[in-house]
Amino acid sequence: MQATMHGNGMYKFLSAVALFTFALGLALVPQQASSQSPQDTSSPQSAADEPAPAYHVQAPKGELPETMNPGLFTDPVVQNAYAVAAKIKKTLYQQPCYCHCDRSQGHKSLLDCFASKHGSECGTCIYEDFYTFEQSRKGKAAAQIRAGIIKGEWKSVDATKYQKPLPAN
């Protein structure tokens, strides 16, 4: 009788583990919902054929939100990211963010990452910010920069040059 009880208890335990694992797997599967706003339906696709995260196709018509003060952060790379973001707000407004904060935070563009504390905690946001800054200094238009971000070119940014304070210009 005890062998049957032991076997039955083991069966229940293994069934519970299997059910828990299945439920956890379902919870971790990414949502396939589109992250674009309706006005952005004609945006380019990423290499994975997934729609680009939310961004604005055109420059803003009104006031943009302020980026957070770089002095609020102690890490020099983060300080530089926020300082750079303040200089290129109109361009950041037109860029997607591949950390997919449009899904998790409701962001509408890369600018939203630096109008909040989110950019200080996310390497993707920081690298895309520096990429946007570097490309805009080369004279690239927002759409050209966006195409580079969608291709993943932001991953090649050398962040070591942002470990010291940047010149004021």
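Computed from a predicted model, the values in this text were never measured in an experiment.

Conventions used here
- Residues numbered from 1 in each chain as written.
- Predicted model: local features only at pLDDT ≥ 70, side-chain atom pairs only at ≥ 80, totals over all residues.
- Heavy atoms only, no water.
- Helix = DSSP H or I, 4+ residues; strand = E, 2+ residues; numbered from the N terminus.
- Areas by Shrake-Rupley, 256 points an atom, 1.4 Å probe, with all protein chains shown as cover.
- Expected span 1.5 Å × (residues − 1).
- Buried < 20%, exposed > 50% of the residue type's maximum accessible area, 1.4 Å probe, protein only.
- Contact = heavy atoms within 4.5 Å.
- Polar contact = N/O pair within 3.5 Å; in protein donor to acceptor, adjacent residues only side chain to side chain.
- Lys, Arg positive; Asp, Glu negative; His and termini not counted.
- Salt bridge = Lys/Arg side-chain N within 4 Å of Asp/Glu carboxyl O.
- Phe/Tyr/Trp six-rings, centres within 6.5 Å; stacked < 30°, edge-to-face > 60°.

Enquirer: What should I look at first to understand the overall build of the protein chain in this one?
Expert: The number of helices and strands found in the protein chain is 7 helices and 0 strands. Counting every atom, the protein chain has about 10,300 Å² of accessible surface; 58% of that belongs to carbon and sulfur.

Enquirer: Please clarify how helix α2 (residues 76-87) should be interpreted in this entry.
Expert: In an α-helix, one full turn covers 3.6 residues, which means residues spaced three or four apart are oriented alike. The end-to-end C-alpha separation of α2 is 17 Å, in line with the 16 Å expected for 12 residues at 1.5 Å each. Buried residues of α2: Val77, Val78, Asn80, Ala81, Tyr82, Val84 and Ala85, and no others. In this structure, the buried residues of α2 make contact with α3 (89-92), α5 (111-114) and α6 (123-137). Taking the backbone nitrogen of valine 77 as reference, a side-chain oxygen 2.7 Å away marks aspartate 75 as the first, capping residue of α2.

Enquirer: Quick question: what am I supposed to make of the side chain of glutamate 128 here?
Expert: Residue position: glutamate 128 is located in helix α6. Buried charge without a partner: glutamate 128 forms no salt bridge, and the closest opposite charge is lysine 155, 8.3 Å away. Apart from the residues within four sequence positions on either side, glutamate 128 is in contact with Pro96, Cys97, Tyr98, Leu110, Ile149 and Trp154.

Enquirer: Which parts of the structure should I look at to understand the side chain of lysine 89?
Expert: Mapped onto the fold, lysine 89 is located in helix α3. Classification of lysine 89 as buried rests on a relative accessible area of 15%. If near-sequence neighbours (up to four positions away) are discounted, lysine 89 is found in contact with Leu64, Pro65, Glu66, Thr67 and Leu111.

Enquirer: Sorry, what's going on with the packing of aromatic side chains here?
Expert: How two aromatic rings sit relative to each other is set out by the distance from centre to centre and by the angle between their planes. Under the definition given, this model contains 3 aromatic pairs. Centre to centre, the rings of phenylalanine 73 and tyrosine 82 are 4.5 Å apart; their planes meet at 25 degrees, and the pair counts as stacked. Centre to centre, the rings of tyrosine 82 and phenylalanine 114 are 5.0 Å apart; their planes meet at 70 degrees, and the pair counts as edge-to-face. Of the two residues, tyrosine 82 sits in helix α2 while phenylalanine 114 sits in helix α5, which places them 32 residues apart along the sequence. Across this residue pair, the class does not change: tyrosine 82 and phenylalanine 114 are buried. What links up through ring pairs into an aromatic cluster is the set Phe73, Tyr82 and Phe114.

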